[in-house]
Amino acid sequence: MKRSHAGARFLLVVAAMATTICLRRVLVFQSNVTSTGTNNGTAGAVGRFILEQIAGRSTHKSEIDQQRRAHARRAAKKVARHPPNMRSGNRRNTVPRPMDILPGKGLRDIGLQPSNITIHFYAKGAVYSIDYMDLASMWGRYTTYDDILSRATSNDASQPSSSSEAFQQKLQQSNITIIFHNSPKTASSTLRKACIETQHDTCNLQRKGETNKWPEGYRNPKRLAQLFGQCPHTFHYCVKELPLTKNYAQHYDTRTFLHMVPFRNYDAWSRSALHQISYRDGEEGCQRVDRALDACCTNNTCMSRSWELKPQRYGKSILAQVIGSFELLREMLGRETVDEHHHFLVHNYVDLHKSLRWLHKSCGVPLLPGTDENVNSVRPKDSCAQEERLMEKFHNCFSDQLAKMY
């Protein structure tokens, strides 16, 4: 070891001496050129250029080292946030793991069996309730909102239901904070804009620019929990596929959370998602979807892109992830405490504003201004040239998995 250290020191000394000699020669060269006046403009510039390159080389190397260290730190953080079996890999050169397009992790994936989790619905002035497992077992490709209501129990003047009635009473007695678990193609643009505006109006947070349309806490659960304390008068938050975390418990003394998940028929949702890709990327985007679906169905892998057409971004998948994290919270913090502070409402995406008005009128939940708008609702109806074939391929890949998900 001593010999190797000594050898390294010797090489460093030699390198330093060689650099010094080069510098001296360049200085002499520039001095001679300047004193003789021969080609002063050209040779002087060459000399200065060489000096700048030699002098700047060490600085440039230092900057590169700093960039590499910063990149390593970011990579380490990414690994910490996304374990290896969930990472999508390099978007250009590698094919991600199936989880990048398959539905997100629900209770089945994490080995938990749910018990007594009630999901509520609102329609035409009445609240409906259904057990989560019953909902998951019936929610498939062709399921409509009315199909679910026909299986659920309602709470209206003529037919009181204990679970629905208790749900309303709990909302009336609590300081409700609504968490909108956004899904694309379900009025998510309208919701995001409304959440940005309410954060500005109630918490003095800066509005985002045109290129950044995400409200605070939208993709960061830690930041979301900070906002619960920082913004005591903000009662509506939009999030993107975020599970529940222990950070919620820090605010149980002041908040009770109502988690709202949008419903849209799976067939209509997937077709609208394909239209969005066609509108944004043209026929080239359609061809990429075609290739991605081939990879999904034949090799069980897919291209990694932030497309709307991903089953894990559909409402049922998002609800499954939320319920999975809810069950984990029950195990960590105690069933009674968690059940007291988290409630679930699946709303028909076209009746979002009506649902919020009912919550305000019947339960005293604050309104969210802007939900009566239709952001990005007017767009060309053109879709992919091979739309029907792509839809058939998509459903052949994923519809069976949707039916089995919980």
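Above this text you will find the structure in question.
Residues numbered from 1 in each chain as written. Predicted model: local features only at pLDDT ≥ 70, side-chain atom pairs only at ≥ 80, totals over all residues. Heavy atoms only, no water.

1. So, the nonpolar core
One recurring pattern in soluble globular proteins: nonpolar side chains tend to sit buried together. Ranked by size, the top nonpolar core spans 64 residues in total, and within it Ile-119, Phe-121, Tyr-132, Leu-135, Tyr-248, Leu-309 and Leu-319 carry the most contacts. No other element matches the 10 residues that helix H9 (residues 266-299) contributes to this core. Ile-178, Ala-194, Tyr-218 and Leu-345 belong to the second-largest nonpolar core, a separate cluster that totals 22 residues. (Core = buried A, V, L, I, M, F, W, Y, C linked by side-chain atoms within 4.5 Å. Buried < 20%, exposed > 50% of the residue type's maximum accessible area, 1.4 Å probe, protein only. Helix = DSSP H or I, 4+ residues; strand = E, 2+ residues; numbered from the N terminus.)

2. Details of a nonpolar patch on the surface
There is a patch of nonpolar side chains on the surface, built from Leu-328, Met-332 and Leu-333 and spanning about 250 Å² of accessible area. Position of Leu-333 among the secondary structure elements: in helix H10 (residues 315-333). Note on Leu-333: relative accessible area 31%, which makes it partly exposed. (Patch = residues over 30% accessible without salt bridge, like charges linked within 9 Å, V, L, I, M, F, W, Y side chains within 5 Å. Areas by Shrake-Rupley, 256 points an atom, 1.4 Å probe, with all protein chains shown as cover. Salt bridge = Lys/Arg side-chain N within 4 Å of Asp/Glu carboxyl O.)

3. Let's talk about the packing of aromatic side chains
A full pass over the atoms with the stated rule returns 16 aromatic pairs. Here Trp-214 and Tyr-218 contribute two aromatic rings whose centre-to-centre distance is 5.1 Å and whose plane-to-plane angle is 5°, an arrangement assigned as stacked. When its relative accessible area of 27% is taken as the criterion, Trp-214 is described as partly exposed. Using a relative accessible area of 5% as the deciding quantity, one classes Tyr-218 as buried. Ring plane angle 55° and centroid distance 5.1 Å describe the contact between Trp-269 and Tyr-314, whose orientation is recorded as tilted. Placement of Trp-269 in helix H9 and of Tyr-314 in the loop between H9 and H10 is noted, with a sequence separation of 45 residues between them. (Phe/Tyr/Trp six-rings, centres within 6.5 Å; stacked < 30°, edge-to-face > 60°.)

4. Remarks on the environment of Gln-230
Residue position: Gln-230 is located in helix H8 (residues 221-230). Accessibility expressed as a relative area gives 38% for Gln-230, which makes it partly exposed. For the pair Gln-230 and Cys-203, spaced 27 residues apart in sequence, the C-alpha separation works out to 7.8 Å. Within polar-contact distance, the side chain of Gln-230 engages the side chain of Arg-223 at 2.9 Å. (Polar contact = N/O pair within 3.5 Å; in protein donor to acceptor, adjacent residues only side chain to side chain.)

5. Quick look at the state of the cysteines
For the structure on display, the rule yields three disulfides. Covalent S-S linkage joins Cys-286 and Cys-384, the inter-sulfur distance amounting to 1.9 Å. As the torsion about the S-S bond is roughly -80°, the Cys-286-Cys-384 disulfide counts as left-handed. Of this pair, Cys-286 sits in helix H9 while Cys-384 sits in the loop between helix H12 (352-363) and helix H13 (387-404), placing them 98 residues apart in sequence. Judged on exposure class, the residue Cys-286 and its partner Cys-384 are both buried. (Disulfide = S-S within 2.5 Å.)

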